[in-house]
Amino acid sequence: MRGVASVLIAGGLGCAVWAGLTNQARFAQAEPGAVKPNPAYAPAAVAAAPVESDKERRARLNARLQTMIKDGKGVRLTDAPPPVRRRAETRPSAPAARMAATPSRAEPTASFAPPLVNADAAPSVRRSGYTPPYLDLKTPPRVPDNDLECLTQAIYYEARNESEAGQAAVAEVVLNRSRHRAYPKRVCEVVYQRNSRTCQFTFTCDGSIGRRAINPVAWARAERIAREVYEGRSASQLPKNSVNYHANYVRPSWGSRLARVRQIGAHIFYGAPLNGGTNPGAWEREREPARSGLLFVRNDALDRAYTLMTAQAAPSEPSAPAGS
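Positions within a chain are numbered from 1, following the residues in the order the chain's sequence is written. The model is predicted, so local features are restricted to residues of pLDDT at least 70 and side-chain atom pairs to those at 80 or more, both for listing and for counting; the totals for chains, interfaces and linings are taken over all residues. Excluded from the side-chain calculation are hydrogens and water; included are all heavy atoms of the structure.

A. Highlighting the nonpolar core. By nonpolar core we mean a set of buried residues, namely Ala, Val, Leu, Ile, Met, Phe, Trp, Tyr and Cys, connected to one another through side-chain atoms within 4.5 Å. We call a residue buried when its accessible area falls under 20% of the maximum for its residue type, exposed when it is over 50%, and partly exposed in between, using a 1.4 Å probe and counting protein chains only. In this structure, L151, Y156, V174, V187, V191, F203 and F269 are the most contacted members of the largest nonpolar core, which totals 35 residues. The way it works is that DSSP assigns letters per residue, a run of H or I at least four long becomes a helix, a run of E at least two long becomes a strand, and they are numbered from the N terminus. Examining the composition of this core, we find that eight residues originate from one element, helix α4 (residues 147-159), more than from any other. In this structure, L151 is in contact with A171, V174, L175, V187, A226 and Y230, ignoring residues within four places of it in sequence. Any two residues having at least one pair of non-hydrogen atoms within 4.5 Å are treated as being in contact.

Here's what the structure looks like:
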């Protein structure tokens, strides 16, 4: 038994020693640098790469480009450009869709010929801010014979850039004046009314008529609106006592003496005078105009002066067309 125990102990010690040596060798292999390279797997010596010249590099690049062209992966600069793929059409915005859905209103053909361009008319001068225009009050105006034509002129020259509501409101003021006892009865007399210092509608004495060519579409639209207001087919926007208006960039002295009615676009419209005053530009038919202040010339005097000047003109001088 003692011998067997000795053999077992000796065998156990031997196994322990063998296990210890095995683990030590395993740990030694895990340490960096501990494993020796295997000559069988050693990489071959890398030969030094040759230095490539610029000529060889260009030749290699050219060969690569030629290969790409043959494969359809590139084009020459002289070749036609490739077809451009169109992007899918985007959906139009809401305002653009409304404009496209709303057909433009075709204007009827104008019945009155617009004023012709006057080569001698003074050119308009654009300046910063508002500059009072130069008024020619010495040359008698050429007044059209048709009241509807005068109303069309008033709409075109006073409010052609305004909305249709703003143009119709200007026409209402002209008609309200023709129905007011303090103004002339005929529309043309109202439009071309003037005195020794000013005119009621500036375009009739500042050279606007004939200064530049007329926009045919705007002229036809002005005539259509004039007919609708003149014949009562347009809804009224102003009271019957609204006989004055002005642009929003001017401040006339009479603005504070009248009741303000409303503003349409760039024009401010007024109603009856305040505190029992009088309308600017008004004159009583039953009595002579006052000697103080603005002296308004009666329209019959203008007619006589224009007739006299026409009679004194040379017979060979051709007469200008109406409204020029």
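B. Inspection of the pairing of strand β2 (residues 258-264) at higher detail. Two strands are counted as paired when DSSP detects at least two bridges linking them. Inspection of the sheet shows β2 paired to strand β3 (residues 267-273) by five bridges, in the antiparallel sense. Looking at β3, one finds that R262 is bridged to F269.

C. View of the sheet that holds strand β1 (residues 244-247). Spatially, β1-β3-β2 is the arrangement adopted by the three strands of the open sheet, whose pairing is antiparallel. Sheet topology places β1 and β2 at the edges, where each strand pairs with a single neighbour. Taking each pair of neighbouring strands and ignoring which way they run, the sheet shows an average axis angle of 25 degrees. Axes, fitted as lines to C-alpha atoms, cover a helix only where it is in contact. Angles between the N-to-C directions of the axes lie from 0 to 180 degrees. On top of the sheet, helix α5 (residues 164-179) reaches β1, β2 and β3; it is set at about 30 degrees to β3, its chief contact.

D. Expanded view of the pattern of salt bridges. Each salt bridge in this description consists of a side-chain nitrogen of Lys or Arg and a carboxyl oxygen of Asp or Glu lying within 4 Å of one another. According to the stated counting rule, one finds nine salt bridges in the structure shown. A salt bridge links E107 to R221, with the shortest nitrogen-to-oxygen separation between them at 3.5 Å. Taken together, the residues span a long stretch of sequence, with E107 in the loop between α3 (94-101) and α4 and R221 in helix α7 (residues 216-230) at a distance of 114 residues. For R221, a relative accessible area of 25% corresponds to the partly exposed category.

E. Structural view of the packing of α5 against α7. Where α5 contacts α7, the two axes come as close as 9 Å, and the packing angle between them is 50 degrees. What the angle tells us is that α5 and α7 run oblique. Judged by the sense of rotation from one axis to the other, the crossing of α5 with α7 is right-handed. The residues of α7 that touch α5, namely those facing E164, Q167, A168, A171, E172 and L175, are R221, A222, R224, I225, V229 and Y230. When residue character is reported, Ala, Val, Leu, Ile, Met, Phe, Trp, Tyr, Cys and Pro are called nonpolar, Asp, Glu, Lys and Arg charged, and the others, Gly included, polar. For the contact of α5 with α7, the residue count by class is seven nonpolar, one polar and four charged. Roughly parallel refers to an angle under 35 degrees, roughly antiparallel to one over 145, roughly perpendicular to one between 65 and 115, and oblique to any angle outside these ranges. For a crossing to be left-handed, the near helix must be turned anticlockwise from the far one by less than a right angle; the clockwise case is right-handed.

F. Structural detail: the state of the cysteines. Only a pair of cysteine sulfur atoms within 2.5 Å qualifies as a disulfide here. Under the defined criterion, the tally for this structure stands at two disulfides. Paired through a disulfide, C150 and C188 show a sulfur-sulfur distance of 2.0 Å. Disulfide C150 to C188: torsion about the S-S bond roughly 95 degrees, handedness right-handed. Residue C150 is found in helix α4, and its partner C188 is found in helix α6 (residues 187-191); the two are separated by 38 residues along the sequence.

G. Focus on the packing of α4 against α7. The contact between α4 and α7 brings their axes to 8 Å, and the two run at 120 degrees. When the axis of α4 is compared with that of α7, the two are oblique. In the packing of α4 onto α7, the handedness of the crossing is right-handed. Across the interface between the two elements, D147, L148, L151, T152, Q153, I155 and Y156 of α4 pack against A218, W219, A222, E223, I225, A226, R227 and Y230 of α7. Grouping the amino acids of the contact of α4 with α7 by side-chain chemistry returns ten nonpolar, two polar and three charged.

H. View of the confidence of the model for the protein. Each residue carries a pLDDT value, the predictor's own confidence for that position, ranging from 0 to 100. Summing up the model confidence of the protein, the mean pLDDT is 75 and the portion of residues at 70 or higher is 58%. Here residues 95-104 scores under 50 on pLDDT; set against residues more than four positions off or in separate chains, the count is zero contacts. Note that residues 284-302 has pLDDT below 50 and, in this model, 35 contacts with residues that lie over four places away or in other chains.

I. The packing of aromatic side chains, seen in detail. Only the six-membered ring of Trp is used, alongside the rings of Phe and Tyr, when aromatic pairs are assigned; centres must lie within 6.5 Å, and planes under 30 degrees apart are stacked while those over 60 apart are edge-to-face, with the rest tilted. In total, this model carries five aromatic pairs according to the counting rule given. Judged by centre distance (5.2 Å) and plane angle (85 degrees), the ring pair of Y156 and Y157 falls under edge-to-face. Of the two residues, Y156 and Y157, neither departs from the other in class, the shared state being buried. Plain terms: the ring middles of Y245 and F269 are 5.4 Å apart, the flat faces sit at 35 degrees to each other, and that makes the pair tilted. Here Y245 is found in strand β1, whereas its partner F269 is found in strand β3, with 24 residues between them in sequence. Judged by its relative accessible area of 0%, F269 is buried. An aromatic cluster of at least three residues, connected via ring pairs, comprises Y156, Y157, F203 and W219. In our convention, an over-ring charge means Lys NZ or Arg CZ found within 6 Å of a ring centre and within 35 degrees of that ring's normal. Lying over the aromatic face of Y156, R160 brings its terminal NZ or CZ to 5.0 Å of the ring centre.

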